[in-house]
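# Inside the fold
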Amino acid sequence: MVKVSLIDVVKAKLKKEDLVYTLPDKLEVKIGRDKGNDIALGSRGTDVSVKIGKENVGMSEDFISTVSRNHCVIYNNKGIVSVEDVGSRNGTYVNDIKIPANDSMPLKNDDILRLGYYILKVKMEED
C-alpha cells in the first residue's frame, strides 16, 4: 500500500494532523491545483485549499500557489512507484532533486516530494 501525506505547507498555517491520501489500486494519481486532480493543492488568491481524495481542508494564507494546474502524476505499477513532472512551471522535487519536465523518477519509502510550497511524504507499507 502506498500513502502520500501532506506534511507541511511553507508560509501557511497547517494544522498538525497529517492529511493522508492512500493511492488507489489504479495506475496513476494526478496532483495539481485543478480541482479535478486526485490531490488538489491550493488555489490563486488568499484562500488556499487542499483536497485529498474527497476530503476538503481549508487554510488561509496570503500567497499565490506555486503548484501548476496539472503538476505531476504518481504511477503505481504493481508496487513500482514513480512520479512524473508533467511540465509544471516551478518543478517537482524528490528529496531536493528536481525532476526534469516531462520526465519521471522512482519513489521509495520516506521520499519527500516538494511541489511549490507543498511538501509531501511517501510511505510504502506492506499489505
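Note that the structure is predicted; figures quoted are calculated from it, not measured. (Residues numbered from 1 in each chain as written. Predicted model: local features only at pLDDT ≥ 70, side-chain atom pairs only at ≥ 80, totals over all residues. Heavy atoms only, no water.)

## Some details on the overall build of the protein
Counting secondary structure elements, the protein contains 0 helices and 13 strands. Traced from its N-terminal end to its C-terminal end, the protein shows the element sequence β-β-β-β-β-β-β-β-β-β-β-β-β. In the protein, buried positions account for 47% of the 127 residues. Considering only residue pairs separated by 6 or more positions, the protein has 42% of its internal contacts joining residues 24 or more positions apart. Total accessible area on the protein is roughly 7200 Å²; 47% of this is exposed by carbon and sulfur atoms. (Helix = DSSP H or I, 4+ residues; strand = E, 2+ residues; numbered from the N terminus. Buried < 20%, exposed > 50% of the residue type's maximum accessible area, 1.4 Å probe, protein only. Contact = heavy atoms within 4.5 Å. Areas by Shrake-Rupley, 256 points an atom, 1.4 Å probe, with all protein chains shown as cover.)

## Focus: the packing of aromatic side chains
Overall, the coordinates contain 0 aromatic pairs when judged by the stated rule. One Lys or Arg, Arg 114, reaches over the ring of Tyr 93 and ends 4.1 Å from the middle of that ring. (Phe/Tyr/Trp six-rings, centres within 6.5 Å; stacked < 30°, edge-to-face > 60°. Lys NZ or Arg CZ within 6 Å of the ring centre and 35° of its normal.)

## Section: unusual backbone geometry
Positive phi outside glycine occurs at Asp 96, with the angle close to 70 degrees. For Asp 110, which is not a glycine, the phi torsion comes out positive at approximately 70 degrees. Looking at the element boundaries, Asp 110 is found in the loop between β11 (104–106) and β12 (112–115). Residue classification places Asp 110 among the partly exposed residues on the basis of a relative accessible area of 35%.

## Brief notes about the pairing of β12
The side-chain alternation of β12 yields one buried face, formed by Leu 113 and Leu 115, and one unburied face, formed by Ile 112 and Arg 114. Relative to strand β13 (residues 118–124), β12 is paired through 4 bridges, and the arrangement is antiparallel. Across the sheet, residue Ile 112 finds its bridge partner in β13, namely Lys 121. Taken together, β12 and the strand that follows it, β13, pair antiparallel across an intervening segment of 2 residues, in which Gly 116 is found at a positive phi of about 60 degrees. (Pairing = 2+ DSSP bridges.)

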